[in-house]
Amino acid sequence: MDDEIDQLFRQLRQSSVSVIRDEIDSKPSKLRGAIRARLTRFARQGHSDREVRSGAARGLVALFSELREEVKMMLDSRDIDHWYDIHFTMFSAFEREEMPNSVQKEVEDLLADYVKQAVTESGFAAWKAADVLGDEWYTPHTADLLRDSLAKAKYVAGRSAAIHGLAHALNHGTKQLRSASLEALRQSARRDRSAVVRAKAKYVLDSGGCLK
């Protein structure tokens, strides 16, 4: 049955999470259970096939309400091959309109925690998490989360990602909210312990744009 499920993941690798969710829900009960079990194994072990990885990553997001612990397990992993690619794909799949209202704040906090804890810029995974918070999922709350990440992230990767997210957040919200983000960037440009982070914050302040 694994081969059948892996083929399903290949077919769904570019589908929205709502389409994936509907496709899984349309399957017979035994197959639905096997798909969930396969996703649980994927969260622990990953997969060597790129197309299966992509579909399974999106499948985890599609079933977030049921498999939130598996999602968190995968996002905590740095031991699985191509973990950064999987994480980037998962973040790309988190579209607000595709997620139930009941889990949206949880998703925001999950993305912010990822940025805050990021150790490396591998695969632009942390960059994408911050990008989602600052642009696609922007709210005053996500801007607060990004400012908090910029202040508290231990590593350059997390603070750099937060700067990218805040650069997008400057395009949204009220003047007062934008002022708070600008002040956070000014503080970073002046006082961050990393010259790299200071330079990135200064770039956003001077150019009004974001760093890729």
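Look up: the structure comes first, before these words.
Computed from a predicted model, the values in this text were never measured in an experiment.

(A) Inspection of the overall build of the protein chain at higher detail. Within the protein chain one finds 12 helices and 0 strands. Going from N to C terminus, the protein chain has its helices and strands arranged as α-α-α-α-α-α-α-α-α-α-α-α. Relative to the 2.2 N^0.38 estimate, which gives 17 Å for 212 residues, the radius of gyration of the protein chain is 18 Å and therefore close to what a compact globule would have. Taking the principal axes of the C-alpha coordinates as reference, the protein chain spans close to 55 × 35 × 25 Å. Counting all 212 residues of the protein chain, 49% fall into the buried class. Considering only intrachain contacts with a sequence separation of at least 6, the fraction spanning at least 24 residues in the protein chain is 67%. Total accessible area computed for the protein chain in this model is approximately 10100 Å², and 47% of it derives from carbon and sulfur atoms. In the protein chain, 34 positive and 32 negative side-chain charges are present, and the distance between their average locations comes to 6 Å.

(B) Structural view of the packing of aromatic side chains. Per the stated rule, a full pass over the model turns up 4 aromatic pairs. Ring geometry for Trp83 against Tyr84: centres 5.5 Å apart, planes inclined by 80°, an arrangement best described as edge-to-face. Judged by its relative accessible area of 32%, Tyr84 is partly exposed. Look at Phe91 and Tyr114: their rings are 4.7 Å apart centre to centre, the planes differ by 75°, and that puts the pair in the edge-to-face class. Residue Phe91 is located in helix H6 (residues 83–93), and its partner Tyr114 is located in helix H7 (residues 101–117); the two are separated by 23 residues in the primary sequence. Take Phe91: its relative accessible area is 0%, and that puts it in the buried class. In this structure Tyr114 comes out as buried when scored by relative accessible area, which is 6%. Arg78 extends its terminal NZ or CZ atom over the ring of Trp83, reaching a point 4.7 Å from the ring centre.

(C) Just H6, in detail. Along H6, the residues classified as buried are Trp83, Ile86, His87, Thr89, Met90, Phe91 and Ala93. Contacts made by the buried residues of H6 are with helix H2 (17–25), helix H3 (29–45), helix H4 (50–62), helix H5 (64–76), H7 and helix H8 (125–136).

(D) Broad picture of the nonpolar core. Formed by 63 residues in total, the largest nonpolar core has its most connected members in Leu60, Met90, Phe94 and Met99. The greatest single-element share of this core, amounting to 7 residues, is contributed by H7. Aside from chain neighbours lying at most four places away, what touches Phe94 is Val61, Phe64, Met99, Val107, Leu111, Val132 and Trp137.

Here is what the cut-offs are and how they apply
- Residues numbered from 1 in each chain as written.
- Predicted model: local features only at pLDDT ≥ 70, side-chain atom pairs only at ≥ 80, totals over all residues.
- Heavy atoms only, no water.
- Helix = DSSP H or I, 4+ residues; strand = E, 2+ residues; numbered from the N terminus.
- Rg over C-alpha atoms; globule rule 2.2 N^0.38 Å.
- Buried < 20%, exposed > 50% of the residue type's maximum accessible area, 1.4 Å probe, protein only.
- Contact = heavy atoms within 4.5 Å.
- Areas by Shrake-Rupley, 256 points an atom, 1.4 Å probe, with all protein chains shown as cover.
- Lys, Arg positive; Asp, Glu negative; His and termini not counted.
- Charge placed at Lys NZ, Arg CZ, Asp CG, Glu CD.
- Phe/Tyr/Trp six-rings, centres within 6.5 Å; stacked < 30°, edge-to-face > 60°.
- Lys NZ or Arg CZ within 6 Å of the ring centre and 35° of its normal.
- Core = buried A, V, L, I, M, F, W, Y, C linked by side-chain atoms within 4.5 Å.

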